[in-house]
Amino acid sequence: MDDITALILDDHAAFRRGFARLDDARDPAELLAVWEALALHLDIHAEAEEAILYPHLVRHGDDGAEETEDAIGDHNKIRDAIAESKLHEVGSDAWWAAVWRARRENSEHLAEEEDEALPDFRRHAGVELRAELGARWLRFYGEHKNGRNLPFRDKDPERYVQDHR
Ligand SMILES: [Fe+2]
Ligand SMILES: [Fe+2]
């Protein structure tokens, strides 16, 4: 059975590849094709973490509350940049500005998640729990294929922590 942390790292690798593909896209149609898929994946991934990973980390991590508050704040910044990109013509300066903001925020966030949140999670989650959450993660992606029934709305980081402690 898949470990949730491995599934998360797979997504992170896909995000890095997705942004690299944007560098190679040569016209608006290619940019749109790469960005639409990447943006949707980023949005679904954040929702999946907020539904499955962070509720556990906030309760059991050594610095769970702080790491969770940071992560929700980062997810909001990435969501905002994605939403901003959709207001502009693909390939325009304003579109690129929003996409680069998403890229920078995401790169910073992945590093924090991989170096702080996930190590903390691993210290407190045994193999069985990781497998159980991994199964939930896969189900979440199936239930929310193409973002079905996900609002992609920002969440108040402090409120999220209070609600899940
Ligand atoms: Fe992540
Ligand atoms: Fe995240």
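For the structure itself, consult the block above.
The paragraphs below set out a description of the structure included in this document. Every value quoted in this text rests on a predicted model; they were computed, and no experiment measured them.

### Focus on the nonpolar core
Point 1. Counting 20 residues, the largest nonpolar core has I4, Y54, F121 and W137 as the members making the most contacts within it.
Point 2. In terms of residue count, the dominant contributor to this core is helix α2 (residues 28-60) (six residues).
Point 3. For Y54, the residues in contact, after removing those within four places along its chain, are E49, E67, T68, A71, H75, H109, E113, A117 and Y160.
Point 4. Counting 17 residues, the second-largest nonpolar core is a separate cluster that includes V34, L38, A39 and L42.

### Considering the coordination of the iron ion (ligand 1)
Point 1. Within the protein, H12 (NE2), H45 (NE2), E49 (OE) and E113 (OE) serve as the donor atoms for the iron ion (ligand 1), at 2.0 to 2.2 Å.
Point 2. Angles of 79 to 173 degrees at the metal separate the four donor atoms of the iron ion (ligand 1), which places the site in the irregular class.
Point 3. Each donor residue of the iron ion (ligand 1) belongs to the same chain, and together they define the spacing H-x32-H-x3-E-x63-E.
Point 4. A separation of 3.2 Å is found between the iron ion (ligand 1) and the iron ion (ligand 2), both of which receive a donor from E49. One end of the pair, H12, is in helix α1 (residues 4-24); the other, E49, is in helix α2, with 37 residues separating them in the sequence.
Point 5. The class of H12 is buried, set by a relative accessible area of 0%.

### With respect to the environment of L118
Point 1. Tracing the backbone shows L118 in helix α4 (residues 93-124).
Point 2. The class for L118 is buried, based on a relative accessible area of 0%.
Point 3. When the C-alpha positions of L118 and E47 are compared, they lie 16 Å apart, and in sequence the two are 71 residues distant.
Point 4. The contact partners of L118, leaving out residues within four places of it in the chain, are T5, I8, L9, L53 and E113.

### Here we look at α2
Each α-helix turn comprises 3.6 residues. Residues three or four places apart therefore point the same way.
Point 1. The end-to-end C-alpha separation of α2 is 45 Å, in line with the 48 Å expected for 33 residues at 1.5 Å each.
Point 2. Along α2, the largest kink reaches about 45 degrees and is centred on L53; proline P55 follows within four residues of it.
Point 3. Regarding α2, its N-cap is D27, as a side-chain oxygen of that residue lies 3.1 Å from the backbone nitrogen of A29 further along.

### Overview of the coordination of the iron ion (ligand 2)
Point 1. The coordination sphere of the iron ion (ligand 2), as far as protein atoms go, consists of E49 (OE), H75 (NE2), H109 (NE2) and E113 (OE), spread over 2.0 to 2.2 Å.
Point 2. One way to put it: the four donor atoms around the iron ion (ligand 2) meet at angles of 82 to 170 degrees, and that makes the site irregular.
Point 3. Mapping the donors of the iron ion (ligand 2) onto the primary sequence gives the spacing E-x25-H-x33-H-x3-E.
Point 4. The class of E49 is buried, set by a relative accessible area of 0%.
Point 5. Look at E113 and you get buried, because its relative accessible area is 1%.

### So, the packing of aromatic side chains
Point 1. For the structure shown, the criterion picks out four aromatic pairs.
Point 2. Look at F19 and W35: their rings are 6.1 Å apart centre to centre, the planes differ by 50 degrees, and that puts the pair in the tilted class. Placement of F19 in helix α1 and of W35 in helix α2 is noted, with a sequence separation of 16 residues between them.
Point 3. Assessed through its relative accessible area of 3%, F19 is described here as buried.
Point 4. Measuring from centroid to centroid gives 5.5 Å for W137 and Y141, while their planes differ by 35 degrees, and the two rings are tilted. In this pair, W137 and Y141 both sit in helix α5 (residues 127-143), four residues apart, roughly one turn of the helix.
Point 5. Using a relative accessible area of 21% as the deciding quantity, one classes Y141 as partly exposed.
Point 6. Each residue in the set F19, W35, W95 and W96 is aromatic and connected to the rest through ring pairs, giving one cluster.

Scoring rules and cut-offs
Residues numbered from 1 in each chain as written. Chains lettered and ligands numbered in written order. Predicted model: local features only at pLDDT ≥ 70, side-chain atom pairs only at ≥ 80, totals over all residues. Heavy atoms only, no water. Core = buried A, V, L, I, M, F, W, Y, C linked by side-chain atoms within 4.5 Å. Buried < 20%, exposed > 50% of the residue type's maximum accessible area, 1.4 Å probe, protein only. Helix = DSSP H or I, 4+ residues; strand = E, 2+ residues; numbered from the N terminus. Contact = heavy atoms within 4.5 Å. Donors = N, O, S within 2.8 Å, 3.2 Å for Na, K, Ca; no water. Tetrahedral: all angles 85-135°; square planar, octahedral: opposite > 155°, others 65-115°. Expected span 1.5 Å × (residues − 1). Bend = angle between axes of the 7 residues up to and from the residue. Polar contact = N/O pair within 3.5 Å; in protein donor to acceptor, adjacent residues only side chain to side chain. Phe/Tyr/Trp six-rings, centres within 6.5 Å; stacked < 30°, edge-to-face > 60°.

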